[in-house]
Amino acid sequence: MPAGKKFHFRQNRSQLPGFGLSLGLSVAYLSLLILLPLASLILFSMNLSWREFWTVVTDRRVLAAFRVSFGSTFLAATIDLFFGFVIAWVLARYQFFGKRLVDAVIDLPFAIPTAVTGIALATLFSGKGLVGGQLEAFAHWFNTAFSTQLSFNIAFSQAGIVVALMFIGMPFIVRTVQPVLEELDKEVEEAASSLGADFRHIFLRVIFPGILPALLTGFALAFARGLGEYGSVIFISSNAPYETEIVPLLIVMRLGEFNYEGASAIGVAMLACSFLLLLAINFLQTLARNRRSA
Amino acid sequence: MGIEISQVSKRFGDFLALDGIDLNIPNGELTALLGPSGSGKTTLLRIIAGLDTPDTGSIRFFGEDATRKRARDRKVGFVFQHYALFKHMTIFENVAFGLRVRPRALRPEKATIREKVEKLLDMVQLRGMARRFPSELSGGQKQRVALARALAVEPKVLLLDEPFGALDARVRQELRRWLRYLHDEIHITSVFVTHDQEEALEVADRIVILNKGKIEQSGTPEDVYDNPANPFVYGFLGNVNLFHARKELTPNGGEIFIRPHDISLSARDDSGKGIPVRVTTHRILGNRVRVELETREGENIEANIERKDWNALQDADLSALYCQILQGKIHAPDNTWSNYVI
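Residues numbered from 1 in each chain as written. Chains lettered and ligands numbered in written order. Predicted model: local features only at pLDDT ≥ 70, side-chain atom pairs only at ≥ 80, totals over all residues. Heavy atoms only, no water.

## Section: the interface of chain A and chain B
In many analyses, interface size is given as the accessible surface area lost on bringing the parts together. Inclusion rule: Residues count as neighbours in contact if any of their non-hydrogen atoms are within 4.5 Å of one another. What counts as buried area is the accessible surface, traced by a 1.4 Å probe, that two parts surrender upon association, with contributions from both included. Each salt bridge in this description consists of a side-chain nitrogen of Lys or Arg and a carboxyl oxygen of Asp or Glu lying within 4 Å of one another. Any pair of nitrogen or oxygen atoms within 3.5 Å is treated as a polar contact; in protein, a donor-acceptor pairing is required on top of that, and neighbouring residues in sequence qualify only through side-chain atoms on both sides. Only DSSP runs of H or I with at least four residues qualify as helices, and only runs of E with at least two residues qualify as strands; both kinds are numbered from the N terminus onward. Classes in brief: Ala, Val, Leu, Ile, Met, Phe, Trp, Tyr, Cys and Pro nonpolar; Asp, Glu, Lys and Arg charged; the others, Gly included, polar.
Counting residues at the interface gives 19 residues for chain A, matched by 25 residues for chain B. Here chain A meets chain B over a buried area of about 2,100 Å², counting both sides, of which 60% is carbon and sulfur. There are one salt bridge connecting chain A and chain B. Linking Arg46(B) and Glu190(A) is a salt bridge whose minimum nitrogen-to-oxygen distance equals 2.6 Å. Where chain A packs against chain B, one counts three residue pairs in polar contact (both at pLDDT 80 or more). Listing elements by their share of the side of chain A that touches chain B, those giving two or more residues are helix 10 (186-194), helix 11 (199-228) and helix 14 (260-293) of chain A. Sort the elements by how many residues they give to the side of chain A that touches chain B and helix 10 of chain A lands first, with seven residues. Residues of the side of chain A that touches chain B, tallied by class, amount to eight nonpolar, five polar and six charged.

## Description of the nonpolar core
The condition that has to hold: Among buried residues, those of type Ala, Val, Leu, Ile, Met, Phe, Trp, Tyr and Cys that are joined through side-chain atoms within 4.5 Å constitute a nonpolar core. In this scheme, a residue with accessible area under 20% of its type's maximum is buried, one over 50% is exposed, and one in between is partly exposed, where area comes from a 1.4 Å probe on protein chains only.
Counting 81 residues, the largest nonpolar core has Leu181(A), Ile3(B), Ile5(B), Leu33(B), Leu44(B), Phe97(B) and Leu159(B) as its most contacted members. Leave out the neighbours within four places in its chain, and Ile5(B) touches Ile21(B), Asp22(B), Leu23(B), Asn24(B), Ile25(B), Leu44(B), Ile48(B), Ser58(B) and Ile59(B). Within the second largest apolar cluster, 46 residues are counted, among which are Leu30(B), Leu126(B), Met129(B) and Ile188(B).

## Thoughts on the environment of Ala280(A)
Within the fold, Ala280(A) resides in helix 14. Ala280(A) sits 60 residues away from Ala220(A) along the chain, and the two C-alpha atoms are 9.7 Å apart.

## Some points on the packing of helix 9 (residues 158-183) of chain A against helix 11 of chain A
Residues and elements named next belong to chain A. Spelled out, the test is: Here an angle of 0 to 180 degrees is reported between the N-to-C directions of two axes, which are lines fitted to C-alpha atoms, with helices fitted over the stretch in contact. Angle categories: roughly parallel below 35 degrees, roughly antiparallel above 145, roughly perpendicular from 65 to 115, and oblique for all the rest. Take the far helix as the reference: if the near one is turned anticlockwise from it by less than a right angle, the crossing is left-handed, and if turned clockwise, right-handed.
One way to put it is that helix 9 packs onto helix 11 with a least axis distance of 8 Å and a crossing angle of 150 degrees. Relative to helix 11, helix 9 is oriented roughly antiparallel. Crossing geometry of helix 9 relative to helix 11 is assigned as right-handed. Residue-level inspection shows Leu165, Ile168, Gly169, Phe172, Ile173, Thr176, Val177, Val180 and Leu181 of helix 9 in contact with helix 11, the latter providing Ile207, Gly210, Ile211, Ala214, Leu215, Thr217, Gly218, Phe219, Leu221, Ala222, Arg225 and Gly226. Of the residues belonging to the contact of helix 9 with helix 11, the class tally is 14 nonpolar, six polar and one charged.

## Some words on the sheet that holds strand 12 (residues 255-258) of chain B
All names here are of chain B. Applied cut-off: Each pair of strands is called paired provided DSSP finds at least two bridges between the two strands.
Strand order in the open sheet made by the four strands is 11-12-18-19, with antiparallel pairing throughout. Either end of the sheet is taken by a strand with one partner, and the two such strands are strand 11 (241-244) and strand 19 (337-339). Geometrically, the sheet is characterised by an average inter-axis angle of 30 degrees between neighbouring strands, direction not taken into account. Note that strand 12 and strand 18 (residues 329-331) share three bridges and pair antiparallel. Paired with Glu255 across the strands is His331, a residue of strand 18.

## What to know about the sheet that holds strand 1 (residues 3-12) of chain B
Strands in a sheet are paired, the pairing made by backbone hydrogen bonds, and the direction either parallel or antiparallel. Residue and element names in this part refer to chain B. Read across the open sheet, the four strands follow the order 2-1-4-5; overall the sheet is antiparallel. Bordering the open sheet on either side are strand 2 (15-25) and strand 5 (64-65), each of which pairs with just one other strand. Relative to strand 2, strand 1 runs antiparallel, the two being bridged by seven bridges. By the bridge assignment, Arg11 is partnered in strand 2 with Leu16.

Below, the structure written as structure tokens:
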């Protein structure tokens, strides 16, 4: 049927107008804003030979910084995942006095200059700070009581980095999980309870699978944001090489030494690692989603 | 004995959803809760299920007080209008859910669960769909899965909240007949909520008509249709023509209720009791015809006549016909009914 064939071709095209224009704009915008700078970074790092590149990124200090960055960010995003979920749950499920205020406070980490966060946290957790002082007293008591040499220092240690990244990452989890929790069909839970399920079963078998993709998205966002965080971390961390030095700081230091190739090489390595991680999370998400609509 | 509901009231803010409901739902019967939206029928069903708690009153299941029992301990099967299936589970997992969440001591063996789920899927005619996900099923199929899921836990009571409300007309009709057959087979005490009087008349053993949080009437379908307790029930169970009764009929005034199919049309007034009317519009509904008439006084009457009777009027002057009233009921202000004798 030759006539039908032509019609079929037209039907396959999107009914929504403006596809060409909007896709063109999207690609152009993404290219200019994201791909072009990243490509120039990679191009610039190519001034180094493979051998030189490898020497730079496998330097002990660089590897230590990677360990600090990825380790702290992973820990912070994981802690945020739990508490962010609890906050989202409270906001989505309960009505209470001051709910709107709490809801507004969640977004503050988005807005505050990160350097301010860093300074505030450093002051709070330092030995003379409100929380830090208490911790120091506790450490003293603990160490004398159990004759140990433990440190409960948060400021100027890796724990401080984790705290700063938790602060930065929290809203990403809450804001991705909360709307999904609000959208969950109440009747599905009622169906489960009329079938004899207790809350534990309803949560594990009905609610959790429904919000798993959102939890993963929130985790990925918090993680990605944490890896790139610079401002707050450098104030709360002691920035000691091999111990509390994060990758972004190392890049800034290389730039300070006018070692542009070195900085770009570390940047490219960071980019590759982050990209692979986000890809992996994306893959997990697809798995979680496919369970639902395969 | 079945379900005994006594003095149940429920208020949502300023809205009184249920106002002192007393109702016995007999064992093994299929009961319809019929009423317009906002009449409290769904609230009553949810209270029976334990999904809502009554402000006052009590519910007894088979002689045992269930007012304080939680939904999960009531052993009721609940079917929702919008299916409420578990989207991330296969059809098999959906039906097996109620058995799998039982405490270990009461949980059947895996093989027993499998056998039971397969039997239920056979019963709802969804054999072979076990590995699909709900999103791959049509509305009618989803509702059958929901029914199988509810029946899997062998509930003592099956509750259905507008179970066919989201389906298209054909599937709805098919499914409600099938529900009737199913009930004739398994005889589980069932209550379903509907706003569709036709559905209630077709499916139920007993109909309970609710309005504004109160029970207007309850009885068998014939009973409520033939002997409606009040004008609301009369009007709700089918279309009706309403006239003010003349003084000769009811001295204190009153209203005459006449169903559209209790009116016939003819070209000549042989009996001498016909009312002269003219046809304003008509609509052919398959084998019946809905005719709108106007009397000389300007009153509108709706008639619903057989197609062959309409065809017989082919050559008649449609602006000068006579309508005969075959039967009707007079409702007096003291809430008594009498037959309209022509």
